Amino acid sequence: MRLATILVSLALIALSSAVLAQPRDLGAGGVETVEDGVISGRLDDSNPSDVYAVEGLRGEVIRFELEASAGDLDPVLSVFDEGGRIRLRRDDSAAGLGVEHDLTIETSGRYFVVVARFGYGLGKTAGDYELRMTRKGVVSEAGSTLRYNDSVLGTISDTSSEVYYSFQAQQGDIVTISMVRSSGTLDPYLQVVDSERFEIASNDDESRDTRNARIEGLIIERSGAYIIVATRYDDSSGSFVLSIEEAENSGSGSSRQAPLPIAYGESRRGTLGHAQFERYYSFEAQAGDLITIAMERGESGDLDSFLILAGAGFEPIQEDDDSGEEFQDSRISDYRIPADGRYHIIATRFDRAQGRTSGEFRLSLDILDDPAVAAPSDAHSLSYGTSVSGKISGDNEADLYAFYGRRNEVVSISMTRVDGNLDTYLELLNAAQEVVTRNDDTGNSQNSLIDNFSLPATGMYYIRARRYSGTEGNSDTAGAYVLVLAERTG
């Protein structure tokens, strides 16, 4: 079987996704995944070769250093691309057994590194080896793909007025790109375009004191490939140093500038610590949505969770510390969204920046069935802080209003006559429309007031606004009224 065919078969089962993926187990035992470090292994009759998968980017330079560390092993190093084409093959370096060589990646993709003994299965040597793979940087040629924290040298001239570089980014990444003149009269100019060639950022002069260009804190809206255009202003020319850096708070959910989207019915996992003590999420909601947000501790750490529901500008609306089902879990239950728009969730810890706990957590957002659907058709919906007017007469002896309340919320309800001889009467009913409290004339002058009443349970409540119908006094009064529902705090 041809070697290229063998490599294609190995590619189908080689693990990937890490910068240095874990090598295939060929009988000599697994090898720990290593990034830019040393991998140790052993080759002998039962295991004449090992295979590693490496993700390479165009223009990147990778240094390979392979040496025998025990036995009489004569090691051989080969690198193949995804199509099975050989890109590097080395047997012995000038210093003796072992390999030292730099490989410049020509095309972004996955590469397969084969560490074998001379002669493979027909070979006679055996022993331990150490393979070091080091990413040295990226070449300056146009078209090179950059990683975060890479720097490259380039030149702008009349024959080459623009130099292109690319980079891969994830939604929520926050990056800074700088272009600094190193010689000549160059007045640097920077542009960043997306995969559809739409410009998303540009800069000419970083400040009044310098002509260097700098795009600071660019927030990536969509995952994908982006192109950096390094060019000039007017007809200047010279050399430059271009660098790309990732901010410390980069990544979706790590900052208010790039909250991680979450939808009803979804959950997210995260970790909080001293360097990152808050995570940020956003969701779209409509007025009347009834939601519950839960933040549960993970198995590791001692996290004392703290949950904040905030508005579009991150102004706090609701907060909770330990209302969850388990100790130090947080929960905001049955909150009714007041208006259409974007809302944010801040998952943090008790005392936030000053806190001392850390660990894993699970955040969930759920929308609940609206209990108002079961309300009588003649019930008018109310929310805290609103007032309504009505009229009681022989043809309309009572009006019914509905609102959603939570356990221990303190409410006040007033019914004030505005004309006629109406003798007002208020009743507060629970979800089963059973009277939980009532009032006749506490509001003075035949006005009614249910003052500072603590709701006994979470759910729908009803207000029945009617006239006095007792046996003492006039039971046939009539007139207009104003009813006010308010939540009391403090």
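Only a predicted model underlies this, so the values are computations on that prediction, with no experimental measurement involved.

A. Up close: the sheet that holds strand β17 (residues 213–219). On the basis of which strands lie adjacent, the open sheet formed by four strands has the order β12-β19-β14-β17 and antiparallel pairing. The open sheet is flanked by β12 (151–156) and β17, the only strands paired with a single partner. Averaged over all pairs of adjacent strands, the angle between strand axes in this sheet comes to 15 degrees, irrespective of strand direction. Where strand β14 (residues 174–181) meets strand β19 (residues 238–246), seven bridges bridge the pair, whose relative direction is antiparallel. When the bridges of β19 are listed, Ser 178 appears paired with Ser 243.

B. Spotlight on the confidence of the model for the chain. Of the residues in the chain, 89% have a pLDDT of 70 or more, and the chain-wide mean is 85. A low-confidence stretch, residues 1–34 (pLDDT under 50), is modelled with 56 contacts involving residues beyond four sequence positions or located in other chains.

C. Region of the structure containing the sheet that holds strand β24 (residues 305–310). With mixed pairing, the five strands of this open sheet are ordered in space as β20-β22-β27-β24-β25. Edge strands, defined here as strands with exactly one partner in the open sheet, are β20 (260–261) and β25 (316–320). Of the strand pairs in this sheet, β24 and β25 are connected by four bridges, and their pairing is antiparallel. The partner of Ala 310 across the bridge, within β25, is Pro 316.

D. Molecular detail of the pattern of salt bridges. Scanning the model with the defined rule gives 21 salt bridges in all. Residues Asp 81 and Arg 87 are paired through a salt bridge, measuring 2.9 Å at the closest nitrogen-oxygen approach. The salt bridge involving Arg 467 is made with Glu 397; its shortest N-O contact spans 3.4 Å. Placement of the pair is Arg 467 in strand β36 (residues 459–467) and Glu 397 in the loop between β30 (386–392) and β31 (398–405), with a sequence separation of 70 residues. Assessed through its relative accessible area of 9%, Arg 467 is described here as buried. Salt bridges sharing partners connect three or more residues here, namely Arg 42, Asp 44 and Asp 128.

E. Fine view of unusual backbone geometry. Although it is not a glycine, Phe 314 sits at a positive phi angle of roughly 65 degrees. Mapped onto the elements, Phe 314 comes out in the loop between β24 and β25. Judged by its relative accessible area of 12%, Phe 314 falls in the buried class. Phi at Asp 351 takes a positive value of approximately 75 degrees, unusual for a residue other than glycine. Within the secondary structure, Asp 351 sits in the loop between β27 (341–349) and β28 (359–367). For Asp 351, a relative accessible area of 44% corresponds to the partly exposed category.

F. Region of interest: the pairing of β36. The buried fraction of β36 is high, at eight of nine residues. Sheet analysis places β31 next to β36, joined by eight bridges and oriented antiparallel. Each bridged residue has a counterpart across the sheet, and for Leu 400 the counterpart in β36 is Arg 464. With six bridges joining them, strand β33 (residues 424–429) and β36 adopt antiparallel strand pairing. Note that in β36 the partner of Thr 424 across the bridge is Arg 467.

G. The environment of Arg 132, seen in detail. Turning to its location among the elements, Arg 132 is positioned in strand β10 (residues 127–138). When the C-alpha atoms of Arg 132 and Ser 40 are compared, they prove to be 8.8 Å apart, with 92 residues separating the residues in sequence.

H. Local environment of the side chain of Asp 289. Within the secondary structure, Asp 289 is located in the loop between β22 (279–285) and β23 (290–301). The buried charged residue Asp 289 lacks any salt bridge partner; its closest oppositely charged side chain belongs to Arg 336, at an N-O distance of 7.2 Å. Only 2.9 Å separates the side chain of Asp 289 from the side chain of Tyr 264, close enough to count as a polar contact. Within the structure, Asp 289 has its side chain in polar contact with the backbone nitrogen of Gln 286 (distance 3.0 Å). Leaving out residues up to four positions away in the same chain, Asp 289 has contacts with Tyr 264, Tyr 335, Arg 336, Ile 337 and Ile 367.

I. Looking closely at the nonpolar core. Of all hydrophobic cores here, the largest spans 26 residues; its most connected members are Phe 167, Ile 228, Phe 240 and Leu 242. When residues of this core are traced back to their parent elements, those giving at least two are β12, β13 (163–169), β14, β15 (188–193), β17, β18 (224–232) and β19. No other element matches β13, which puts four residues into this core. Once residues within four sequence positions are removed from consideration, Ile 228 is found in contact with Leu 146, Val 163, Tyr 164, Tyr 165, Phe 167, Ile 177, Leu 190, Gln 191, Leu 242 and Ile 244.

J. A look at the side chain of Thr 292. With respect to the helices and strands, the residue Thr 292 is situated in strand β23. Looking at Thr 292, its side chain comes within polar contact range of the main-chain nitrogen of Asp 334, at 3.1 Å. Once you skip the residues sitting within four places of it in the chain, Thr 292 turns out to touch Arg 331, Ile 332, Ser 333, Asp 334, Ser 364, Leu 365, Asp 366 and Leu 368.

K. Inspection of the environment of Arg 147 at higher detail. For Arg 147, the position within the fold is in the loop between β11 (145–146) and β12. For the pair Arg 147 and Glu 60, spaced 87 residues apart in sequence, the C-alpha separation works out to 9.0 Å. Beyond its immediate sequence surroundings of up to four residues, Arg 147 is in contact with Glu 55, Gly 56, Leu 57, Glu 60, Arg 135 and Ile 244. Side-chain polar atoms of Arg 147 contact the backbone oxygen of Glu 55, separated by 3.1 Å.

Basis of the calculations
- Residues numbered from 1 in each chain as written.
- Predicted model: local features only at pLDDT ≥ 70, side-chain atom pairs only at ≥ 80, totals over all residues.
- Heavy atoms only, no water.
- Pairing = 2+ DSSP bridges.
- Helix = DSSP H or I, 4+ residues; strand = E, 2+ residues; numbered from the N terminus.
- Axes fitted to C-alpha atoms, helices over the stretch in contact; angles between N-to-C directions.
- pLDDT = per-residue confidence, 0-100.
- Contact = heavy atoms within 4.5 Å.
- Salt bridge = Lys/Arg side-chain N within 4 Å of Asp/Glu carboxyl O.
- Buried < 20%, exposed > 50% of the residue type's maximum accessible area, 1.4 Å probe, protein only.
- Lys, Arg positive; Asp, Glu negative; His and termini not counted.
- Polar contact = N/O pair within 3.5 Å; in protein donor to acceptor, adjacent residues only side chain to side chain.
- Core = buried A, V, L, I, M, F, W, Y, C linked by side-chain atoms within 4.5 Å.

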